[in-house]
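Chain and residue survey
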Amino acid sequence: MPKPQADVPRLTWAQVSARRLSRSGLSRPLDGADAQDVVSALCGAHAQVMSAGELSVAMRIPGATRATVRDALWTERTVVKSRGARGTVHLLAARDLPLWTGALSAMPQTRNMHRADGLLTPEQTEEVIEGLRVVLADAEMTADELTDALVEQVGSWAGDLVMEAFQGMWPRWFEAMDLATNRGVLCFGPQRGRKVTYTSPSRWLPGFAPAPAALAVPWLVTSYLRAYGPATPQHFARWLAMPRRWATETFAALGDTLQEVELDGTPCWTVAGDTAMPEAEPREGVRLLPYFDAYAIACHPRELLFPGRAAERALAGGQAGNYPVLLIDGLAAGVWHQRRSGRRIHITVEPLSPLTARQQRLLEDEVERVGVIMEGKPELTVGTVTVGPHA
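Residues numbered from 1 in each chain as written. Predicted model: local features only at pLDDT ≥ 70, side-chain atom pairs only at ≥ 80, totals over all residues. Heavy atoms only, no water.

Some remarks on the packing of aromatic side chains
For the coordinates displayed, the defined rule picks out 13 aromatic pairs. Here Trp 173 and Phe 174 contribute two aromatic rings whose centre-to-centre distance is 4.6 Å and whose plane-to-plane angle is 70°, an arrangement assigned as edge-to-face. On the accessibility criterion, Trp 173 (0% relative accessible area) is buried. Ring pairing ties together the aromatic residues Trp 100, Trp 219, Tyr 224, Tyr 228, Phe 236, Trp 239, Trp 246 and Phe 251, which thus form one cluster. Positioned above the aromatic ring of Trp 204 is the side chain of Arg 77, whose terminal nitrogen or guanidinium carbon lies 3.6 Å from the ring centre. Lys 81 extends its terminal NZ or CZ atom over the ring of Phe 188, reaching a point 5.1 Å from the ring centre. (Phe/Tyr/Trp six-rings, centres within 6.5 Å; stacked < 30°, edge-to-face > 60°. Buried < 20%, exposed > 50% of the residue type's maximum accessible area, 1.4 Å probe, protein only. Lys NZ or Arg CZ within 6 Å of the ring centre and 35° of its normal.)

Given below as structure tokens:
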């Protein structure tokens, strides 16, 4: 761990919350930012639910809609759909993809792919990854097309339906998909109707190559701390779903690059010299964060962001992201849900405490903004959200 300092800056949750909100584009949209700037500032936008990812990004850009995000992703190629923190699908800045893949491929494997009853041997894993590199060099393929191409490239074993899936079985090569993505061999291509396609980052982003781990891992630590610090190695480990010991050793290796501070009396770390805080506390801000918004997932201590009843109502077994969050003055203050029917977007918001008249007006403004971003006509109901997590 970096050496503790005699004169440690003492920061309050209100100060840290105000800074995070500002840097995350939630106290106000990020002036002059485009989609690439936003996903870079957020350290990626979760996009397992693509509509939620589009809302996460667009709500932080002045005047943006979901079309803004789609253009950046599929036309301008300044944003790429790949895997980020926790191995989940994210929108990442194209300029950051070399660093992301360099960092992810250097992290410890938390799943033993090569156990005795595993689906792939180490040799088969490398064959699959090299096969993906070859067949995707100049192509966009669906999963079925990619399976056929890999079977022809490496052998019939790659297509054996042996991996348990949600409603059936996946082919054997799927076991290596995450590792191939982390190494920068595979990313998502544009949808083909309802079907997902995959392609090569080298094809999608000419000149792409993963960055060296010695550069990429420190970059990821400092990027996270600039966005969501001060934080502890344990917070960083939880964000990435990595072992705490690895995160602690990674922080320690950065030495004087990091600086100790106190957050409401708890020792934390930030990038050295990055201790300036806003003078004003977050006030009268109302935001509707979609599923798995980066702010709700990455900010810690979680008990301060989700105080009191919010921890019971807006978290799922302590996990953030499974419920869209009503954020008031930087704190989780309820949940919400949207249901689309044609152009109509039915939005139900469940506050945990009665709204003031001003908060109600700000909520109505936020709902209208969601409607503009999602290119629909919103209808607001303040009441109980009856659907469960990730519905």
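Observations concerning the environment of Arg 77
Mapped onto the elements of the fold, Arg 77 is located in the loop between helix 4 (66–75) and strand 3 (79–83). Taking the C-alpha atoms as reference points, Arg 77 and Arg 95, 18 residues apart in sequence, are found 10.0 Å from one another. Those residues in contact with Arg 77, other than ones at most four positions away along the chain, are Asp 71, Ala 72, Ala 94, Arg 203, Trp 204 and Leu 205. Polar contacts involving the side chain of Arg 77 include one to the main-chain carbonyl oxygen of Trp 204, which spans 3.4 Å. (Helix = DSSP H or I, 4+ residues; strand = E, 2+ residues; numbered from the N terminus. Contact = heavy atoms within 4.5 Å. Polar contact = N/O pair within 3.5 Å; in protein donor to acceptor, adjacent residues only side chain to side chain.)

What to know about the sheet that holds strand 15 (residues 344–351)
Across the sheet, which stays open at both edges, the five strands sit in the order 12-13-14-15-16 with mixed pairing between neighbours. In the strand order of this sheet, the two ends are held by strand 12 (286–289) and strand 16 (377–382), each with one partner. Along the sheet, successive strands turn relative to each other by an average axial angle of 30°, direction set aside. Pairing analysis gives eight bridges linking strand 14 (residues 331–341) to strand 15, with the strands arranged antiparallel. Counterpart to Arg 340 in the pairing with strand 15 is Ile 345. Packed onto the sheet, helix 16 (residues 357–373) meets strand 12, strand 13 (325–328), strand 15 and strand 16 and runs at close to 40° relative to strand 12. (Pairing = 2+ DSSP bridges. Axes fitted to C-alpha atoms, helices over the stretch in contact; angles between N-to-C directions.)

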